[in-house]
Amino acid sequence: MSRQVDIIVGFLKYSLRSQSKYRIHSPFVFDFYKNVLKDTHSYPQYRTINRLRKELENVSRFIKRKDLGARSKDFPGDQRFVRVRDIVHRASVSQKKGELLFRLVKRYTPGNILELGTSLGISSIYLGLASPESCIVTIEGCIDSANVAQENFDRAGLKNVHIITGNFEDKLAGALDEMPAPDLVFFDGNHKMKPTLAYFEECLQHIHPGTVFVFDDIHWSRGMEEAWKVICRHPKVKVTIDIYQMGFVFFREELSKEDFILRF
Ligand SMILES: C[S@@+](CC[C@H](N)C(=O)[O-])C[C@H]1O[C@@H](n2cnc3c(N)ncnc32)[C@H](O)[C@@H]1O
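Cut-offs and rules
Note on numbering: residues in each chain are counted from 1, in written sequence order. A pLDDT threshold of at least 70 governs which residues receive local features in this predicted model, and a stricter bar of 80 or more applies before side-chain atom pairs are shown or counted, although totals over entire chains, interfaces and linings include all residues. Note that the side-chain values use all heavy atoms of the structure and ignore hydrogens as well as water. Every helix listed is a DSSP run of H or I at least four residues long, and every strand listed is a run of E at least two residues long, numbered separately from the N terminus. Contacts: residue pairs with any heavy atoms within 4.5 Å of one another. Residues are classed as near a molecule or strand on a simple rule: at least one heavy atom within 4 Å of it. Here a polar contact means two N or O atoms within 3.5 Å. Within protein one must be a hydrogen donor candidate and the other an acceptor candidate, and residues neighboring in sequence count only if both atoms are side-chain atoms. Using a 1.4 Å probe, accessible areas were evaluated by the Shrake-Rupley method; residue-level cover was limited to the displayed protein chains. Residues were grouped as follows: Ala, Val, Leu, Ile, Met, Phe, Trp, Tyr, Cys and Pro as nonpolar; Asp, Glu, Lys and Arg as charged; and all remaining residues, including Gly, as polar. Throughout, exposure labels follow a simple rule: accessible area from a 1.4 Å probe, protein chains only, divided by the maximum for the residue type, with under 20% read as buried, over 50% as exposed, and the rest as partly exposed. The term salt bridge refers to a side-chain nitrogen of Lys or Arg lying within 4 Å of a carboxyl oxygen of Asp or Glu.

A. Here's a closer look at the environment of Val148. Topologically, Val148 is positioned in helix H7 (residues 143-155). The sequence separation of Val148 and Cys232 amounts to 84 residues, and the corresponding C-alpha distance is 35 Å. Discounting residues that sit within four places of it in the chain, Val148 has contacts with Arg61, Ile63 and Leu120.

Structure below.
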């Protein structure tokens, strides 16, 4: 109950504080607003992913779920076996957010992408189809989910997505050491304050000024709200953009330090 109250209060605050496009003075952020957030072009790749998502929504096969991360509570009780279609509904990125990720990659063409939290691979497919030349490394702790994700990458014809199976705590450092500096990191697993900040700090050691971080569910809980505030205040962070469901973090040296709240 208190989490629901937090979510309502958080959304009201966001609605009251969000800025219209007329108040965006930063050319960089205005470009993000126009070409990433509000680009309404219907890219043909969207159809491929929608088709795949629809197919997965009909898969009643059970897979063994490893209980990981804060959002494991999305599966009530001690549910060790879960239907694929239920994971798609409860854990995968929505079409709206997935298409936003796709446009983000199209606009900034990050060569090296790291994702924390693959699940069935839906968000990875948005990333992978947006830029087939990019190399995407995605980490997932649940082996059965990772196997379904690999099937989905094969079905989408993606050759540029590589899954690492294991806990972020064990695998993140190695993944970062093995890739050149990441150009984009998508944090979409274990939505709790302490782990989120720990992953943020760890990834921060490997960035360059052009790196972009994207955090999912920044207002999902009091802990995630706190984590987001800490991230916004970090001295290395230049511009943050809060669209309520996600937060974007930029480190570009030419930008002045500023936090934006934009309607999505
Ligand atoms: C919200 S889902 C990811 C959804 C996916 N990005 C998508 O949109 O299709 C989060 C995933 O992170 C994984 N996860 C959470 N905490 C983890 C941890 N500490 N180590 C490894 N995987 C973890 C969960 O197993 C879950 O599959």
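B. Spotlight on the site of the ligand. Surveying the vicinity of the ligand reveals 21 residues, the closest of which are Val93, Gly117, Ser123, Glu140 and Asp188. With respect to the ligand, the backbone of Gly141 contributes an N or O atom lying 3.0 Å from a nitrogen atom. At 3.4 Å from a nitrogen atom of the ligand is found a side-chain nitrogen or oxygen belonging to Asn167. A total of 600 Å² of accessible area belongs to the ligand in isolation, and the protein chains cover 93% of it. Only helix H6 (122-130) and helix H8 (168-178) provide two or more residues apiece to the shell around the ligand. Among the residues forming the shell around the ligand, the class breakdown is six nonpolar, 11 polar and four charged.

C. Representation of the environment of Glu254 in the model. Within the secondary structure, Glu254 sits in the loop between strand E9 (246-250) and strand E10 (258-261). Residue classification places Glu254 among the exposed residues on the basis of a relative accessible area of 60%.

D. Spotlight on the pattern of salt bridges. Enumeration according to the criterion identifies six salt bridges in this entry. The partner of Glu55 in a salt bridge is Arg155, and the shortest N-O contact between them spans 2.1 Å. Placement of Glu55 in helix H3 (residues 44-56) and of Arg155 in helix H7 is noted, with a sequence separation of 100 residues between them. For Glu55, a relative accessible area of 39% corresponds to the partly exposed category. Of the charged contacts in the structure, one is a salt bridge between Glu151 and Arg61, with a shortest N-O distance of 3.5 Å. In this pair, Glu151 is assigned in helix H7 and Arg61 in the loop between H3 and strand E1 (62-64), connecting sequence segments 90 residues apart. Given a relative accessible area of 39%, Arg61 falls into the partly exposed group. Through salt bridges with shared partners, a single ionic network connects Lys97, Asp216 and Asp217.

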